[in-house]
Structures are given as C-alpha cells and as structure tokens.
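Here is what each chain is made of, one letter per residue.
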Amino acid sequence: MDAPEPVSESRAARRAAREERRRNPVLPPIATERRVAVVLATVVFAALLALATTADHALGAAAIAWGGLALAWGWPELLGSSSRFGSSFAIGLAGVAAPAVVALTPDAPYLRHVPVVVAAAILAMFLHQILRRDGRPRLTQSVSVGAAGIAVAVIGAAWVPLGRMLGGPEVVVVVATALGLSAVADLAAPLDRARRWMLPVAAALGVVAGGVGGLLLEEVGVTAGVVLGVVAAGLAHATRRVLCVLPPIRGLRGQLTAAAASVLVVGVPVSVLASVLVG
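Presented here is a report on the structure given in the accompanying data block. (Residues numbered from 1 in each chain as written. Predicted model: local features only at pLDDT ≥ 70, side-chain atom pairs only at ≥ 80, totals over all residues. Heavy atoms only, no water.)

## Some words on unusual backbone geometry
In this structure, the amide linkage connecting Ala108 to the following residue, Pro109, adopts the cis form with an omega of -5 degrees. By secondary structure assignment, the location of Pro109 is in the loop between α4 (84–104) and α5 (114–131). Although it is not a glycine, Arg138 adopts a positive phi angle of roughly 50 degrees. You can see Arg138 is positioned in the loop between α5 and α6 (139–156). (Helix = DSSP H or I, 4+ residues; strand = E, 2+ residues; numbered from the N terminus.)

## Observations regarding helix α11 (residues 252–264)
For α11, spanning 13 residues, the distance from its first C-alpha to its last is 18 Å, which sits close to the expected 18 Å at 1.5 Å a residue. Of all 13 residues that make up α11, 10 are buried, and the element is covered over most of its length. When α11 is considered as a whole, its buried residues turn out to be Gly254, Gln255, Thr257, Ala258, Ala259, Ala260, Ala261, Ser262, Val263 and Leu264. Buried residues along α11 sit against α2 (36–55), α3 (57–78), α6, α7 (168–182), α10 (222–243) and α12 (267–277). (Expected span 1.5 Å × (residues − 1). Buried < 20%, exposed > 50% of the residue type's maximum accessible area, 1.4 Å probe, protein only. Contact = heavy atoms within 4.5 Å.)

## Quick word on a positive patch on the surface
On the surface, Arg11, Arg14, Arg15 and Arg18 cluster together to form a positively charged patch. Take Arg14: it is sitting in helix α1 (residues 7–23). The partly exposed category is assigned to Arg14, whose relative accessible area is 45%. (Patch = residues over 30% accessible without salt bridge, like charges linked within 9 Å, V, L, I, M, F, W, Y side chains within 5 Å. Areas by Shrake-Rupley, 256 points an atom, 1.4 Å probe, with all protein chains shown as cover. Salt bridge = Lys/Arg side-chain N within 4 Å of Asp/Glu carboxyl O. Lys, Arg positive; Asp, Glu negative; His and termini not counted. Charge placed at Lys NZ, Arg CZ, Asp CG, Glu CD.)

## Structural notes on the side chain of Ser182
Along the chain, the position of Ser182 falls in helix α7. With relative accessibility at 0%, the residue Ser182 sits in the buried group. A distance of 2.8 Å separates a polar side-chain atom of Ser182 from the backbone oxygen of Ala178. In contact with Ser182, other than residues within four places in its own chain, are Ala202, Leu205, Gly206, Ala233 and Arg240. (Polar contact = N/O pair within 3.5 Å; in protein donor to acceptor, adjacent residues only side chain to side chain.)

## Observations concerning the pattern of salt bridges
Under the criterion given, the structure shown has six salt bridges. Look at the salt bridges and you will find they share partners, linking Glu33, Arg35 and Arg250 into a network.

## Examining the nonpolar core
Counting residues in each nonpolar core, the largest one holds 59 residues, and the members touching the most others are Trp159, Leu179 and Val270. Here this core gets eight residues from one element, more than from any other, and that element is α3. (Core = buried A, V, L, I, M, F, W, Y, C linked by side-chain atoms within 4.5 Å.)

## Description of the packing of α4 against α6
At a minimum axis distance of 8 Å, the contact between α4 and α6 shows a crossing angle of 15 degrees. If you check the angle between α4 and α6, you find them roughly parallel. Crossing hand, α4 versus α6: right-handed. Of α6, the residues touching α4 (which contributes Ser87, Ala90, Ile91, Ala94 and Gly95) are Ser142, Val145, Gly146, Gly149, Ile150, Ala153 and Val154. When its residues are assigned to classes, the contact of α4 with α6 shows seven nonpolar, five polar and no charged. (Axes fitted to C-alpha atoms, helices over the stretch in contact; angles between N-to-C directions. Parallel < 35°, antiparallel > 145°, perpendicular 65-115°, else oblique. Left-handed = near helix turned anticlockwise from the far one by under 90°. Nonpolar A, V, L, I, M, F, W, Y, C, P; charged D, E, K, R; others polar.)

## Focus: α12
What α12 keeps buried is the set Gly267, Val270, Ser271 and Ala274. Down the axis of α12, the buried set is contained in an arc of 100 degrees. They therefore lie on one face. Buried residues along α12 sit in contact with α6, α7, α10 and α11. (Arc of directions from axis to C-beta.)

Pasting the structure below:
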C-alpha cells in the first residue's frame, strides 16, 4: 500500500492551482462572445435618458420607467427564475411606480416615498408565490431573482431627482456620455490579450468622457465629471460582464435586459456623488 501524500505537498499543490487559476482564469465560452446588441442598447438607453432628462424631469422618469419595463421583461428569464410571470410583474411594478412616485413628489427629499413602492413590489412577489399552483419548485431561487430585479429597478429611480436639482441635467448628460463611450470596451470580449484590459479600458473611457463633459459643462466641472465618469463606467461594465456569462444572454431579450440593468444600477452612486460634488 502506497504511503499517503504529505499534507504540506497537498496544500502547496492546491495553493499553486489557485494561483494558476487566478493568473489564467478559465472562462466559459459564452463569456468570450461579442455582444453588439448589448453595446448598442446601452448607448441608446443612455442617450434616451440624457435627452429626456434635459427636456423635463417627468420625461426622464418616463425613460427610467421604460428601462424598468425592459428589465422586467427579461430579468427572470436571464437569471433562470421558475416563476417568470410573477417576478416580471413585481419588477415591472417597481420599475414603473418608483420613478413615477419620485417625479410626482413635490419637494425634497424626492426619494422619500420609494420605500412604499419597494414594500408593494415585495408584497406582490410573495403573494404570487403563495398563489402558485405548480408546487413552487426552486422557490428560494425564484424569490432571490425577483428581489434582485426589484432592487435594480428601484436603484434606477435615483436618476429622476437629478432632473430637478441645480446642475442635475448636465450631470445626466455627462454620465450618459461616459456610459455610452465606455460600452465600446465590451466589444473586445473575443480577444484573449485584450479581455483582461476591458475593465481598465472602460474606466479610462469613462474618465475621458467625464472629464471632457465636465470641461464643456461648467455646472459639472472637470473633477466631478472624471469621478462620475469612472464610477459609472466601471460599475456598468462590471454589471454587463457578470450578466453576459448567463446562457439566455444569447437572445435579444437577455441582451436588452443586461443593457438596461447596467444603466439603472448606477443611479444611486451617481445621485450621491452628484449631490456631494455638484450640489
């Protein structure tokens, strides 16, 4: 009978294997495919949001609601929910009601009624689970997918107050430009040597777009533009990268969902940074 392998060697081998995976990660093939529709949809949604917010804060809220509906349409399928209708309904409720409530709130703080929308959406999600007649398979996964979608939809509502604050529409224009330009970095996914630089390139494009936008729009300023651009571009790119490893991303619905989510999810950090840096 052979002697057992020393524990020290076994630990060293495992450590070496982890280090090798860290240096040379093995990605699923789907993560190396180019998603042109995701890039185009991100650019279009960001441009629509900028144009609508510049025209009127209510139109900006309508643009966010449109993004919430796109999220509700594809999020349950993209993340593999077992109760797609109920999850879509709850996410759609949050995605439409949250920006509408914010737009209708007459004075600051404009987000004060959003928790009511969150509670209503969560209640709708659980009521659907109670009323299901299919035995409720994968219940935990279904609830998690629905809750995550509601969270992303509600985060997007933080874009709406920017249309009503001093310098807010200009902030939306600068950030939307950074989001649209940085999305180009996603096209490098099939290139092995360029893939590891996708996030830094996206962040750098966000810096350039934010800095130039801040220089042209005095209400924002270069410093605020750079910070807003890099944060929004990096977070949006990371969101798309995470979602683009899921098999349903090969369909148009999944790609539109990923694009909408990447724009909505930066609502809160952009709103907070704008209130601090722009005022």
